[in-house]
Amino acid sequence: MELKVSSLAERPEMHDQVVDMATTWPEFLLSDLVGDAHYGRIATELPEFVLFAEDEHGEVVAHAYSVPFALDEEDRRELPARGWDQTLVWAFADRRRGTSPDTVSAVSIVVAPHVQGAGLSGRMLSAMRDNARSHGFGEVVAPVRPSAKHLEPRTPIAEYAFRRRADGLPCDPWLRVHVRAGATIEAVAPASMTVAASLEEWRGWTGLPFDTEGPVEVPGALVPVHCEPGRGYAVYVEPNVWVRHTL
């Protein structure tokens, strides 16, 4: 597939096509309050960190979002346990305060459903690395959502993240793409994203009854959702895996 990769800063007229591209995210993931408050701002406020790929017909078939933030700050230094959510909060807080960033964090790499499996995620990761380097950054970090973890929701993330094949590469396909690109697996982010909602909302998103107290396995979720029928809510706390790309 012939691809042309650009940034929204270079091609602002493509904004709507990029943000409206079809995705396969589970519906409940779109209700993370931190993501809801910040994700949409990236394309408008940080267009130089939004990359997209067009096929030979000019259709947007993939995009990659990242954000610059300051990691080497006195109250930070280490990659946060609240991975994806914390990075977004830091990035936009730094932007508001005028704090100079020193690191780029991947936020998402999304491939349109009809072209998945063609290696586009790896190509967009490479483009994200190149983009960070061109803006003067020396590393990209990523709170990775392991692509096959949903098949093992009861497996502890610390065990899953560091599982290796016989060739030494990660068992998880998406972690494997990062490591092949030169990344190292740094740490686990045990509370990278949180979705707390009423039982009615969870039933609407999943079609499941959510009428039993305790863990509920939900399609697409990396860990079970904790259900509290007596209190009328359920909470999903998603773990991710921090990887570090030195450029």
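Our subject is the structure listed above.
This write-up is about the structure you can find in this document. On a predicted model such as this, the values are computed, not experimentally measured, just so you know. Along each chain, numbering runs from 1 in the same order as the chain's sequence is written. Predicted model: local features are reported for residues with pLDDT of at least 70 only, side-chain atom pairs are reported and counted for 80 or more only, and whole-chain, interface and lining totals are derived from all residues. Water and hydrogen atoms were dropped before computing side-chain values, which therefore reflect all heavy atoms in the structure.

Another point: helix 4 (residues 120-134). Here helix 4 is 15 residues long and its end C-alpha atoms lie 21 Å apart, about the 21 Å a rise of 1.5 Å per residue gives. When accessible area is computed with a 1.4 Å probe and restricted to protein chains, residues below 20% of their type maximum are described as buried, those above 50% as exposed, and intermediate ones as partly exposed. Strands here mean DSSP runs of E at least two residues long; helices mean DSSP runs of H or I at least four residues long; both are numbered from the N terminus. Taken together, the buried positions of helix 4 are Leu-120, Met-124, Leu-125, Ala-127, Met-128, Arg-129, Asn-131 and Ala-132. Looking one or two residues beyond helix 4, the residue adopting positive phi is Gly-136, at roughly 90°. What a helix should span is 1.5 Å times the count of its residues minus one.

Structurally, Arg-145 can be placed in the loop between strand 5 (139-144) and helix 5 (157-161). Distance and chemistry together define a polar contact, namely a pair of N or O atoms within 3.5 Å, with one atom able to donate a hydrogen and the other to accept it when in protein, and with adjacent residues in sequence counting only for side-chain atoms on both sides. Polar contacts involving the side chain of Arg-145 include one to the main-chain carbonyl oxygen of Gly-220, which spans 2.8 Å. Of the polar contacts made by the side chain of Arg-145, one reaches the side chain of Glu-238; its length is 2.9 Å. Among all residues touching Arg-145, those that are not within four sequence positions of it are Trp-25, Pro-26, Leu-29, Trp-174, Gly-220, Ala-221, Leu-222, Tyr-236, Glu-238 and Asn-240. When checking whether two residues touch, look at their non-hydrogen atoms; a contact exists if any pair is within 4.5 Å.

Let us look at the pattern of salt bridges. Criterion for a salt bridge: a side-chain nitrogen of Lys or Arg within 4 Å of a carboxyl oxygen of Asp or Glu. Under the definition given, this model contains 16 salt bridges. We note a salt bridge from Glu-13 to Arg-11, for which the minimum N-O separation is 2.7 Å. For Arg-11, a relative accessible area of 19% puts it in the buried group. A salt bridge links Arg-145 to Glu-238, with the shortest nitrogen-to-oxygen separation between them at 2.9 Å.

Core analysis: the biggest nonpolar cluster contains 73 residues, and Val-18, Phe-28, Ile-42, Trp-202, Phe-210 and Tyr-236 have the highest contact counts within it. Every residue in contact with Trp-202, bar those within four places of it in the chain, is listed here: Phe-28, Val-195, Ala-197, Gly-207, Phe-210, Val-225, Ala-234, Val-235 and Tyr-236. For the purposes of this section, nonpolar cores are sets of buried Ala, Val, Leu, Ile, Met, Phe, Trp, Tyr and Cys residues that join through side-chain atoms within 4.5 Å.

Here the axes come from fitting lines to C-alpha atoms, over the contacting stretch only for helices, and the angles between their N-to-C directions go from 0 to 180 degrees. Viewed as axis vectors pointing N to C, helix 2 (residues 33-45) and helix 3 (residues 83-97) meet at an angle of 50°, and their least axial separation amounts to 10 Å. Taken as axis vectors, helix 2 and helix 3 run oblique relative to one another. Viewed along their axes, helix 2 and helix 3 form a crossing whose handedness is left-handed. Contact residues: helix 2 offers Val-34, Gly-35, His-38, Tyr-39, Arg-41, Ile-42 and Glu-45, while helix 3 offers Trp-84, Asp-85, Leu-88, Val-89, Phe-92 and Arg-95. Residues were grouped as follows: Ala, Val, Leu, Ile, Met, Phe, Trp, Tyr, Cys and Pro as nonpolar; Asp, Glu, Lys and Arg as charged; and all remaining residues, including Gly, as polar. Grouping the constituent residues of the contact of helix 2 with helix 3 by class yields seven nonpolar, two polar and four charged. Small angles under 35 degrees read as roughly parallel and large ones over 145 as roughly antiparallel, with 65 to 115 read as roughly perpendicular and the rest as oblique. Should the near helix be turned anticlockwise from the far one by less than a right angle, the crossing is termed left-handed; should it be turned clockwise, right-handed.

Function-wise, these values are silent; they only describe arrangement.
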